Amino acid sequence: MLRAAFRSNPRRFKIRHPVLFTFAVIALTTLVQWIWWPYIQQGPFILFYPAIVLCSLLGDGLVALVLSTVLAKLLFFEPKFSWYLPPHDVFFIITYVVSGIMIWQVGKLTRDALDRSEEAEAANRKLFDDVEAARFEAESERSKLHSLFMQAPVSINVYEGPDHRCILCNPEAQEAAGRDMTGLTLREAVPESIYKEYVGIFDRVYQTGEPFIGKEIQARMRALDPKLEDRYYNIVIKPFHNSRGQIIGILNLSVDVTPEVLAKKAREELVAELAEAVQTRDEFMSIASHELRTPLTSLKLQNQLRVRNLSRGNKDAFADEKMQRMFNVDSLQIDRIIHLVDDMLDISRIRTGKLAIEREQLDLSALVRECVDRQRLQLEAADCKLEMHCEEPIEGHWDRFRIEQVIANLLTNVSKYAKGAQVRISTRKEGNLGFLEVLDHGIGIAPENLERIFERFERAINKNEVSGLGLGLYIAREILKLHGGSITVESKLGEGSKFTVSLPFA
Ligand code: ADP
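Residues numbered from 1 in each chain as written. Predicted model: local features only at pLDDT ≥ 70, side-chain atom pairs only at ≥ 80, totals over all residues. Heavy atoms only, no water.

Engineer: Quick question: what am I supposed to make of the site of the ligand here?
Structural biologist: Near the ligand, the surroundings consist of 21 residues, among which Asn413, Tyr417, Arg459, Ala460 and Leu473 are the closest. A distance of 3.0 Å is found between an oxygen atom of the ligand and a side-chain nitrogen or oxygen belonging to Lys416. Tyr417 is positioned such that a nitrogen or oxygen atom in its side chain is 2.8 Å from an oxygen atom of the ligand. Here the ligand, which alone exposes 530 Å², has 97% of that area covered by the protein. Only helix H14 (400-417), helix H15 (472-482) and strand S12 (496-504) provide two or more residues apiece to the shell around the ligand. When residues in the shell around the ligand are grouped by element, the largest group, 4 residues, is from H14. (Near = heavy atom within 4 Å. Polar contact = N/O pair within 3.5 Å; in protein donor to acceptor, adjacent residues only side chain to side chain. Areas by Shrake-Rupley, 256 points an atom, 1.4 Å probe, with all protein chains shown as cover. Helix = DSSP H or I, 4+ residues; strand = E, 2+ residues; numbered from the N terminus.)

Written out as structure tokens, the structure reads:
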């Protein structure tokens, strides 16, 4: 409105050549006076008064006064066209000059006043324009800042006052918090469980003015909404001040670094896993080579002994009975090597998901009896006292080779960990499951190891006490998993163990 008023106020009319204008006005006035002279002989200056007023305002008042005085004398006072002035006219002309000077001065004053008011008006107009421009600039800066905040690819929350009322919550921050927090105080915006953590930081920043910078801070989003995932942020919490330098609020800027943190964690876990894998591999290599070396060394020694007996012609060493025993021992050692190599191959098959089963119809009880017969020598060597309850036929659709492997491993373990002990092997069926139980009164297993022994390379015994790779039960569990079955153990340290295999018929 005000601006419009200034703008609509017309500028005062100004003459570009005031002296020329003055000459023109006086010339015109003189002409009119000359024409009207016969009617206004008493007033030779009568028309010059308004002319001086006009010239004082728009032209040059002094020039007008001088010119009009000279022209009036020459044209309207006797003797005309002569500089001679009779004494009685001197007073007349002086009166005109004095009053002319006064009119000129008043005109000049009026003109100065008009000029000044015009200048003041221009100054006002400029001031107003400046104020308007500044306001416009501030407004556009504000809106630029606002849109910058709103479009920023980071979460920005602005809080005001000691109770930290949110006055700006950009879309990123809304998405991170799961809602728009504008208008809410910190207490209203975050749940009680995490409020205490946040308010401490906010209060400190608000009171001390010291900014808070946090890296990879975990935001417990689940506390806000169980559907949300916890996230990680790099956070800057800074105070902001009014024009007098007083803290009036807090700016909270958070950059979501969740993908980076998760990637870093995954990397760290991977590195730890790799380190563990390398260590496990090294241990495995040393155990495996030791395990392979033992039967190979034994075979080598036996061979050397035979060569020596042959070269000495010692025929007694090759008597039938001795030969039979020799072959039995050799076969045990060779079985041991084959078993080790098979286990290693199976581990790599399990790792690559290539351990497959080929089902066929078979009887679990018969299979157990066969396996026991095959390993009888080994069990006798370990002095195990066998008790078998495997008469009932238990028909199922299983992989013969792999189930034999499971049974063989359990029997091998019995011969290793239940030497000289009572062993009970039984089969039964229940519902649609076939069961095999191997119960021994051997060394038993401590409770903390009961789960662990089914993992890869895990053993519940010192590697120097009993040989083994810690793979048998792991492979057995994987084989049974592929059949939809399971293997469990119950045991007491020093009292013995009971391994139970369950197999669904189909
Ligand atoms: P390995 O016998 O080669 O060590 P296994 O996977 O067959 O590997 O067995 C894992 C561990 O479980 C063994 O090292 C041993 O500590 C424990 N274990 C297995 N069977 C028995 C058992 N019958 N009695 C006591 N401990 C056993």
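Still to come is the rest of the account.
Engineer: What is the right way to read the packing of aromatic side chains from this model?
Structural biologist: Each aromatic ring pair is described using two quantities: the centre-to-centre distance and the angle formed by the ring planes. Counted under the stated rule, the structure contains 10 aromatic pairs. Ring centres of Phe45 and Phe92 lie 5.9 Å apart, and the angle between their planes is 70°; on these two criteria the pair is classed as edge-to-face. Residue Phe45 is located in the loop between helix H2 (18-36) and helix H3 (48-58), and its partner Phe92 is located in helix H5 (residues 87-151); the two are separated by 47 residues in the primary sequence. Just above the ring of Phe435 sits the side chain of Arg428; from NZ or CZ to the centre is 4.3 Å. (Phe/Tyr/Trp six-rings, centres within 6.5 Å; stacked < 30°, edge-to-face > 60°. Lys NZ or Arg CZ within 6 Å of the ring centre and 35° of its normal.)

Engineer: Please explain H5 as it appears in this structure.
Structural biologist: For an α-helix the count is 3.6 residues per turn, leaving residues at separations of three or four pointing the same way. For H5, which comprises 65 residues, the first-to-last C-alpha distance of 94 Å matches the rise-based estimate of 96 Å (1.5 Å per residue) to within 8%. Along H5, the residues that are buried comprise Asp89, Ile93, Tyr96, Gly100, Trp104, Gly107, Glu118, Glu121, Arg125, Phe128 and Phe149. (Expected span 1.5 Å × (residues − 1). Buried < 20%, exposed > 50% of the residue type's maximum accessible area, 1.4 Å probe, protein only.)

Engineer: What is the right way to read unusual backbone geometry from this model?
Structural biologist: In most cases, non-glycine residues show a negative phi, while peptide bonds are predominantly trans. Following Glu78, the chain continues into Pro79 via a peptide bond in cis, with omega recorded as -15°. Mapped onto the fold, Pro79 is located in the loop between helix H4 (61-76) and H5. You will see that His164, though not glycine, has its phi angle at about 55°, which is positive. Among the structural elements, His164 can be located in the loop between strand S1 (155-160) and strand S2 (165-169). At Phe457, a residue that is not glycine, the phi angle is positive and equals roughly 65°. In this fold, Phe457 is placed in the loop between strand S10 (433-440) and H15.

Engineer: I would appreciate a short explanation of the sheet that holds strand S5 (residues 247-256) in the present structure.
Structural biologist: Sheets are built from strands paired through backbone hydrogen bonds, the pairs being either parallel or antiparallel. Strands sit in the order S2-S1-S5-S4-S3 across an open sheet of 5 strands; the sheet is antiparallel. Lying at the two open borders of the sheet, with one neighbouring strand each, are S2 and strand S3 (212-219). Here the average twist between neighbouring strands, direction ignored, is 25°. The sheet contact formed by S3 and strand S4 (residues 231-241) spans 6 bridges and is antiparallel. Residue pairing in the sheet places Ile217 in a bridge with Tyr233 of S4. The strands touched by helix H8 (residues 192-208) are S1, S3, S4 and S5; relative to S5, the strand with the most contacts, the crossing angle is about 130°. (Pairing = 2+ DSSP bridges. Axes fitted to C-alpha atoms, helices over the stretch in contact; angles between N-to-C directions. Contact = heavy atoms within 4.5 Å.)

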